[in-house]
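Inside the fold
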Amino acid sequence: MMDVRVEKLAQVLVRYSVAVRPGDKVYIQGSVLAEPLFRAVLVEVLKAGGHPFLRAQLPGIDELFYRHASDAQLGHVAPPSRLLYETYDVIISLSGSANTKELTNIDPAKLALSQRASGEVFKTFMLRASTGELRWVGTLFPTAAYAQDAEMGLAEYEEFVFNACLPDPADPVRHWQEMSARQARLVDWLRGKEILRVEAPDVDLRMSIAGRTFVNCDGKRNMPDGEIFTGPVEDSVEGHVRFSYPSVYQGRRVEGAELWFEKGRVVKARATKGEEFLQKTLDVDAGARTVGEFAIGTNPGITRATGNTLYDEKIRGSFHMALGGGMPETGSRNESAIHWDLVCDLMHGGRIWVDDLLMYEKGEFKVGS
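Residues numbered from 1 in each chain as written. Predicted model: local features only at pLDDT ≥ 70, side-chain atom pairs only at ≥ 80, totals over all residues. Heavy atoms only, no water.

Let's talk about the packing of aromatic side chains
Between two aromatic rings, the relevant description is the distance of the centres plus the angle of the planes. Defined as follows: Between rings of Phe, Tyr and Trp, where Trp is taken as its six-membered ring, a pair exists when centres lie within 6.5 Å; planes separated by under 30 degrees are stacked, by over 60 edge-to-face, and by other angles tilted. Going along the chain from the N terminus, every DSSP run of H or I of four or more residues is numbered as a helix, and every run of E of two or more is numbered as a strand. Summary of the burial criterion: residues with accessible area below 20% of their type's maximum are buried, those above 50% are exposed, and those between are partly exposed, where the area comes from a 1.4 Å probe applied to protein chains only. Put simply, a charge is over a ring when the Lys NZ or the Arg CZ is close to the ring centre, within 6 Å, and near the line of the ring normal, within 35 degrees.
Counted according to the given criterion, the structure contains 13 aromatic pairs. Taking the centre distance of 5.3 Å and the plane angle of 40° together, the rings of Phe160 and Tyr311 count as tilted. In this pair, Phe160 sits in helix 9 (residues 154-165) while Tyr311 sits in helix 12 (residues 309-312), placing the two residues 151 residues apart along the sequence. Note on accessibility: Phe160 and Tyr311 belong to one class, buried. Members of the aromatic cluster, each reached through a chain of ring pairs, are Tyr27, Phe53, Tyr85, Phe122, Phe125 and Trp136. Stacked on the ring of Trp189, the Lys or Arg Lys193 has its end atom at 4.2 Å from the ring centre. Sitting over the face of the ring of Trp260, Lys268 holds its NZ or CZ atom 4.5 Å from the ring centroid.

Regarding the pattern of salt bridges
Definition in use: The rule for a salt bridge is simple: a side-chain nitrogen of Lys or Arg has to be within 4 Å of a carboxyl oxygen of Asp or Glu.
Per the stated rule, a full pass over the model turns up 24 salt bridges. Among the salt bridges present, the one from Glu133 reaches Arg128, with a minimum N-O distance of 3.3 Å. Look at Arg128 and you get buried, because its relative accessible area is 7%. The shortest N-O distance in the salt bridge between Arg197 and Glu199 comes to 2.7 Å. Taken together, the salt bridges that share partners define one network made up of Asp3, Arg5, Glu158 and Glu159.

Describing the sheet that holds strand 16 (residues 318-324)
For clarity, the cut-off: Whether two strands pair comes down to DSSP finding at least two bridges between them. Orientation is described by axes fitted as lines to C-alpha atoms, over the contacting stretch for helices, and by angles from 0 to 180 degrees between their N-to-C directions.
Overall, antiparallel pairing links the five strands, which are arranged 7-9-15-16-17 in an open sheet. Among the strands making up the open sheet, the edge pair consists of strand 7 (215-217) and strand 17 (339-345). If you compare each strand with its neighbour and ignore which way they point, the axes differ by 25° on average. Looking at chain direction, strand 16 and strand 17 are connected through seven bridges and run antiparallel.

Here's the deal with the pairing of strand 17
For strand 17, the buried fraction is high: seven of the seven residues fall into the buried class. In strand 17, alternate side chains face the same way, and those of His339, Asp341, Val343 and Asp345 on one face and Trp340, Leu342 and Cys344 on the other are all buried.

Quick notes on the sheet that holds strand 10 (residues 238-242)
Quick reminder of the rule: Any two residues having at least one pair of non-hydrogen atoms within 4.5 Å are treated as being in contact.
One open sheet accounts for eight strands, arranged 14-13-10-6-5-18-19-20; its pairing is antiparallel. Two strands close off the open sheet at either side, each with one partner strand: strand 14 (265-270) and strand 20 (364-365). Sheet topology places strand 19 (residues 357-361) next to strand 20; two bridges connect them, and they run antiparallel. Considered in strand 20, the bridge of Tyr360 is made with Phe365. Helix 10 (residues 172-190) contacts strand 18 (351-354), strand 19 and strand 20 of the sheet and is inclined by roughly 150° relative to strand 19.

Section: the environment of Gln279
Structurally, the position occupied by Gln279 is in helix 11 (residues 275-282). Overall, Gln279 belongs to the partly exposed group, its relative accessible area being 26%. Between the C-alpha atoms of Gln279 and Val77, which are 202 residues apart in sequence, the distance is 24 Å. With sequence-adjacent residues up to four places away left out, Gln279 is seen in contact with Ala269, Arg270 and Arg289.

Written out as structure tokens, the structure is:
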């Protein structure tokens with residue numbers, strides 16, 4: 001018997017997040033460990049009249065690929081994969097890991113080569129998503145590996161995941177619609193503003209947001225969701241940040257990451273763990289050292305880090321910055337094969353100033369309410 005929470009999550013993903021319509025070509029991808037959610041999403045897509053195409057990945061496949069692939073194989077992008085991102089209407093991604101550390105000992109240069117090869121496909125994805133031509137959403141199915149990273153039991157972690165995605169089980173869509181309305185007021189207030197500053201212990205950043213648009217993240221692309229973000233003017237970011245929370249990117253864990261910016265580019269970087277991977281990733285391509293996204297986390301149901309960026313970047317009382325490709329709908333012009341979100345706490349003395357007005361302090365917005 002299927003968990004009713006899985007059925008409700010599938011309904012939210014298909015009916016609300018990507019709003020599948022009759023005739024839509026729908027690509028459903030993810031891990032076989034997310035099988036219950038795969039089945040439920042498939043049923044909902046069929047009910048909505050979509051044409052599903054499924055690709056489920058076996059545990060450990062990424063490790064085998066990166067361990068044995070030649071440079072030529074790492075640089076190859078399969079034509080069917082390219083076709084999916086160029087022509088499908090909807091992409092639904094269902095993450096589920098048996099081992100979040102499986103790529104820990106893979107040479108960072110191999111990961112960087114593969115990222116560079118996928119750059120054009122990623123650019124196509126970003127452009128089509130920015131125009132609404134491609135609708136997409138990503139979510140996570142709770143597994144023992146994720147629970148271990150979060151230092152929770154599996155049942156406890158399942159409760160955490162489903163509570164974050166379905167805060168109002170009776171009417172989960174209404175919850176996301178209400179969040180959307182609240183955040184829309186903040187986005188409206190930010191329209192036309194020019195300078196943003198972040199001050200906190202280990203953070204002193206300044207950037208231009210002139211001519212840029214903030215986006216309301218209300219469950220349409222991530223589930224769970226809860227953030228507002230923009231793409232800073234590319235050459236404007238100045239200052240220093242030490243990110244509070246560990247980050248897992250491309251299966252590699254980085255802790256204590258610190259970045260120094262001058263004229264929009266990372267000029268110095270270090271980390272207490274994973275520094276070699278950090279340095280290699282910064283050199284993936286010309287856009288990797290530039291900030292493609294600045295965002296403020298707003299989800300009141302996510303109050304602690306779990307080691308998974310999908311959740312950690314939504315923590316109420318946090319901000320995150322993404323190195324690499326920016327979303328064109330924000331006005332960002334930065335292009336890169338990477339998009340790496342790094343998250344920082346703001347609850348302990350953190351403030352955000354916009355045009356010399358105090359916008360945000362210790363998890364609370366001071367404007368736009």
